[in-house]
Amino acid sequence: MFLWRDEVRPGVSVAFTDTGAGNLALHVGDNPGDVQLRRTGVEQSAGLGSKRFQFMDQVHGNHVEFIASHGSGPTADAMVSAAVLPNGAPQPLAVMVADCVPVVLVGIDSGDRPVIAVAHAGRPGVASGIVSSTVAEMRHRGALDIQAWVGPSICGNCYEVPEQLRSEVAEKVPATWSSTSWGTPSLDLPAGVRAQLDAAGVAVEYLGECTLESDSLFSYRRDSRTGRFAGLVWTHD
């Protein structure tokens, strides 16, 4: 069910699911009831108890939403959560992908309370700075010493794009300029995300494998009728 999972700080866990958890997206033509059952299974495996992961309606934009408690999914490509009450806890968060870069971030405020976030960094999101905006919102909410976990996504050796598109994106984020393993223009979105995190002073603690090259992960480039796996972050006792 979990491709990778770790307690990254005391009381804070990060995980990325794989195809063993099944499709977790409601927008790909899957049976909604089946999707909800799979989401519940992931929540149980994570030990959330009565809590639920907050998903979002991802639209390849650069809007960051602050989440205080579980509700209807916001239209956004990043979410930040922190304890609203002195004895409260951040809302568990989820981001879904199938080639785009799932980014999970964790920081600690001055009171040693976690500030958590997820970001959906596809090509438009990387070009528009969704990751940088997410870090800025975390800091606005008091986060210090932010760390990032960059989940599985399509790599620069595989993400072929037209020459003009490579130039347009690389003009904004130079680190994305790349070529495929067969010599055609491509974009290295994970490299772009890492460069943006480095510029923001955020250390990358984990870098996932290529989705197109791994049969244990969903890949839209491999199959346009595929599902979505998730990057997750939550707190626990």
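Provided above is the structure to which this section pertains.
Here is what the cut-offs are and how they apply
Residues numbered from 1 in each chain as written. Predicted model: local features only at pLDDT ≥ 70, side-chain atom pairs only at ≥ 80, totals over all residues. Heavy atoms only, no water. Phe/Tyr/Trp six-rings, centres within 6.5 Å; stacked < 30°, edge-to-face > 60°. Helix = DSSP H or I, 4+ residues; strand = E, 2+ residues; numbered from the N terminus. Buried < 20%, exposed > 50% of the residue type's maximum accessible area, 1.4 Å probe, protein only. Lys NZ or Arg CZ within 6 Å of the ring centre and 35° of its normal. Pairing = 2+ DSSP bridges. Axes fitted to C-alpha atoms, helices over the stretch in contact; angles between N-to-C directions. Contact = heavy atoms within 4.5 Å. Polar contact = N/O pair within 3.5 Å; in protein donor to acceptor, adjacent residues only side chain to side chain. Disulfide = S-S within 2.5 Å.

Enquirer: Describe the packing of aromatic side chains, listing the residues and the values that go with them.
Expert: Under the defined criterion, the tally for this structure stands at 4 aromatic pairs. Judged by centre distance (5.6 Å) and plane angle (20°), the rings of Phe16 and Tyr206 are stacked. Pair noted here: Phe16 is in strand 2 (residues 12-17) and Tyr206 is in strand 11 (residues 203-207), with a separation of 190 residues, a long-range link. When sorted by exposure, Phe16 lands in the same class as Tyr206, which is buried. Here the aromatic cluster, defined as three or more aromatic residues joined through ring pairs, consists of Trp4, Phe16 and Tyr206. Residue placement shows Arg141 over the ring face of Phe66; its charged tip is 3.7 Å from the ring centre. Between Arg166 and the ring centre of Trp177, over which it is positioned, the NZ or CZ distance is 3.8 Å.

Enquirer: Describe the sheet that holds strand 4 (residues 78-82), and please don't skip the residues or the numbers.
Expert: Here 6 strands make up an open sheet; going across it, the order is 3-4-7-6-8-11 and the pairing mixed. Unpaired on one side and paired on the other, strand 3 (64-66) and strand 11 mark the two borders of the sheet. For this sheet, the mean inter-axis angle between neighbouring strands, taken without regard to orientation, is 20°. Two strands pair when backbone bridges link them, and strand 6 (residues 101-108) and strand 8 (residues 144-150) are joined in this way by 5 bridges, in the antiparallel orientation. Across the sheet, residue Val103 finds its bridge partner in strand 8, namely Val150. In the packing of helix 3 (residues 130-140) onto the sheet, the strands contacted are strand 3, strand 4, strand 6, strand 7 (114-121) and strand 8, and the crossing angle to strand 7 comes to about 165°.

Enquirer: Help me get a handle on the environment of Val233, residues and values and all.
Expert: Of note, Val233 is situated in strand 12 (residues 229-235). Overall, Val233 belongs to the buried group, its relative accessible area being 0%. Considered as a pair, Val233 and Ser13 are 220 residues apart in the sequence and their alpha carbons are 5.7 Å apart. Sequence-distant contacts of Val233, that is, excluding residues within four places in its chain, are made with Val12, Ser13, Val14, Phe53, Pro92, Leu93, Val104, Val106, Ile116, Ala117 and Val118.

Enquirer: If you had to explain the side chain of His120 to someone new, which residues and values would you point to?
Expert: Here His120 shows up in strand 7. One polar contact links His120 to Asp77, side chain to side chain, over a distance of 2.6 Å.

Enquirer: Which residues make up the state of the cysteines, and what are the values?
Expert: Within the structure shown, the criterion is met by 0 disulfides. Summary of cysteine pairing: Cys100 is not part of a disulfide, and the nearest cysteine sulfur, belonging to Cys210, is at 13 Å. Look at Cys100 and you get buried, because its relative accessible area is 18%. Between Cys210, a free cysteine, and Cys155, which holds the nearest cysteine sulfur, the sulfur-to-sulfur gap is 3.6 Å.

Enquirer: Quick one: what's the story with the environment of Val97, residue by residue and with numbers?
Expert: With respect to the helices, strands and loops of the structure, Val97 is situated in strand 5 (residues 93-97). Contacts of Val97, omitting those with residues within four sequence positions, involve Pro102, His120, Pro152, Arg228 and Phe229.

Enquirer: Let's hear about the side chain of Asp109: which residues, and what values?
Expert: With respect to the helices, strands and loops of the structure, Asp109 is situated in the loop between strand 6 and strand 7. You can call Asp109 buried: its relative accessible area is 10%.

Function cannot be read off these values alone, since they describe shape.
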